[in-house]
Structure formats: C-alpha cells, structure tokens
Amino acid sequence: MNDLPDCVFFNHSIHVANGVGCSTCHGELDRMPLTWRAHTLYMKWCLECHRAPQKFLRPSSEIYNLHWQPPPDQEAAGARLVRHYGIDTTGRLMDCSVCHR
Ligand code: HEC
Ligand code: HEC
Ligand code: HEC
C-alpha cells in the first residue's frame, strides 16, 4: 500500500460519501507503475480528480464494487452526480490548503 507523508491531509469518508469508489483509488494504485509514486506525480493524481471529478464519480450503490466500469456516457452521468452529491465546482478543491493544512 501507499503511505502519504504527514504533511498531507486525507480523509476516506469524505471521498466515499461523495461517490468516489474504493477501486477508483486502490485499483489504480495496484496497477500504477512505480514511477507514479514519485512525489510530484502522486500529488498530480489527487489533483487530476479534484480538477474534474465528473470523470470518476459513481452512484453510491457502486462504491464498494471493485469491478465497476464507467458507463459510455460517464461525462454526462458524472456531471449529474456532481450535482447530486453537491460537490464544490468553484475550483476550491485545487487550493493548496485543502490538502496541506
Ligand atoms: C480518493 C481515493 C481513495 C478512496 C476512494 C479510497 N481510498 Fe483507501 N486509501 C487511499 C489513500 C491515499 C490511502 C493511504 C492513506 C495514508 O497513507 O494516510 C488509503 C489507505 C487505505 C487503507 C490502508 C489503511 C489506512 O487507513 O491507512 C485501507 C485498508 C483502505 N484505504 C481501504 C479503502 C476502502 C475499503 C475504500 C472504499 C470504501 C477506500 N479505501 C477508498 C485512497 C482512497
Ligand atoms: C477520483 C477522485 C478523487 C481523488 C483521486 C482524490 N479526491 Fe479528494 N475529493 C474528491 C471529491 C469528489 C471530494 C468531495 C468534494 C466536495 O465535497 O465538494 C474530495 C474531497 C477531498 C478533501 C476535502 C475537501 C474539503 O471540502 O475541504 C480533501 C482534503 C481531499 N479530497 C484530499 C485528497 C487527497 C490528498 C487525494 C490524493 C491522495 C485525493 N483527495 C484524491 C475526489 C477525489
Ligand atoms: C488534492 C490534494 C492536494 C492539493 C490540492 C495540493 N497538494 Fe501538494 N501534495 C499532495 C500529496 C498527496 C502530496 C504527497 C505526494 C507523495 O508523497 O507522493 C503532496 C506533496 C507536495 C509537496 C512535496 C512535500 C513533501 O514533503 O514531499 C509540495 C511542495 C506540495 N505538495 C505543494 C503544493 C502546492 C504549492 C499546492 C497548491 C498549488 C498543492 N501542493 C496542492 C496533495 C495535494
């Protein structure tokens, strides 16, 4: 498994409650080539989703489904889920202070 440095704030439940499934993060972490774990790239991985969460979100019924695949209309479905979960789209999720407190 991965380990975040102490300087980074991470909270599981906030992700799980907002439509980010376990396999979105852990599936990808398993498959990730080692270079992805280099520090700056790992931060980019967090930011990639915070910048455009609609690409990754799934319905709450699918959070624990390790075999979930995004539907062909993921962009549209994800945009509906962004509204459904009430996810912040002001860009605040990209602020340094969200993860570095
Ligand atoms: C947004 C990405 C993300 C999601 C979604 C996510 N995890 Fe994690 N998980 C992480 C990260 C990052 C760590 C390492 C945390 C650290 O080092 O402080 C981690 C650590 C863990 C660990 C190691 C023990 C620990 O707490 O450090 C377990 C077990 C785990 N996750 C299970 C799950 C399960 C089960 C789900 C679905 C309910 C899930 N995770 C969803 C990113 C995620
Ligand atoms: C696949 C998508 C995804 C990934 C990957 C992801 N996040 Fe998130 N994160 C979210 C969503 C969605 C929220 C909820 C935002 C909201 O409620 O407006 C969130 C919220 C958060 C919050 C709380 C923000 C607040 O409201 O103050 C923190 C902190 C956070 N993430 C840290 C991280 C860190 C650190 C990583 C990388 C280890 C990470 N996230 C990876 C999607 C993701
Ligand atoms: C969505 C979460 C997130 C946001 C937003 C974010 N970071 Fe990070 N940052 C991380 C994570 C996770 C790491 C640790 C990466 C690793 O160790 O693999 C990190 C590591 C770093 C490091 C290296 C520190 C160390 O001890 O290795 C610096 C410097 C940094 N971030 C600066 C910034 C700045 C500046 C911003 C705003 C422009 C920013 N970060 C925004 C998640 C985030």
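Since this is a predicted model, take the numbers as computed values, not measurements.

**So, the coordination of the iron atom of ligand 1**
Moving on, step 1. Every protein donor of the iron atom of ligand 1 is listed here as His 12 (NE2) and His 26 (NE2), and their distances to the metal cover 1.9 to 2.0 Å.
Moving on, step 2. The coordination sphere of the iron atom of ligand 1 comprises six donor atoms, whose angles at the metal cover 85 to 179 degrees; the geometry is octahedral. A residue pair is termed long-range when its members are at least 10 positions apart, and His 12 in helix 1 (residues 12–16) and His 26 in helix 2 (residues 22–31) qualify at 14 residues.
Moving on, step 3. Accessibility expressed as a relative area gives 31% for His 26, which makes it partly exposed.

**What about the side chain of Thr 24?**
Moving on, step 1. As for its position among the elements, Thr 24 is in helix 2.
Moving on, step 2. For Thr 24, a relative accessible area of 11% corresponds to the buried category.
Moving on, step 3. At a separation of 2.9 Å, a polar atom in the side chain of Thr 24 contacts the side chain of Arg 58.
Moving on, step 4. In this structure, Thr 24 is in contact with Phe 56 and Arg 58, ignoring residues within four places of it in sequence.

**Focus: the coordination of the iron atom of ligand 2**
Moving on, step 1. On the protein side, the iron atom of ligand 2 has His 15 (NE2) and His 50 (NE2) as donor atoms, found 2.0 Å from it.
Moving on, step 2. Because the angles between the six donor atoms bound to the iron atom of ligand 2 fall within 88 to 180 degrees, the donor set is best described as octahedral. On the criterion of sequence distance, the pair formed by His 15 in helix 1 and His 50 in helix 3 (residues 39–51) is long-range, its members being 35 residues apart.

Rules and cut-offs
- Residues numbered from 1 in each chain as written.
- Chains lettered and ligands numbered in written order.
- Predicted model: local features only at pLDDT ≥ 70, side-chain atom pairs only at ≥ 80, totals over all residues.
- Heavy atoms only, no water.
- Donors = N, O, S within 2.8 Å, 3.2 Å for Na, K, Ca; no water.
- Tetrahedral: all angles 85-135°; square planar, octahedral: opposite > 155°, others 65-115°.
- Helix = DSSP H or I, 4+ residues; strand = E, 2+ residues; numbered from the N terminus.
- Buried < 20%, exposed > 50% of the residue type's maximum accessible area, 1.4 Å probe, protein only.
- Polar contact = N/O pair within 3.5 Å; in protein donor to acceptor, adjacent residues only side chain to side chain.
- Contact = heavy atoms within 4.5 Å.

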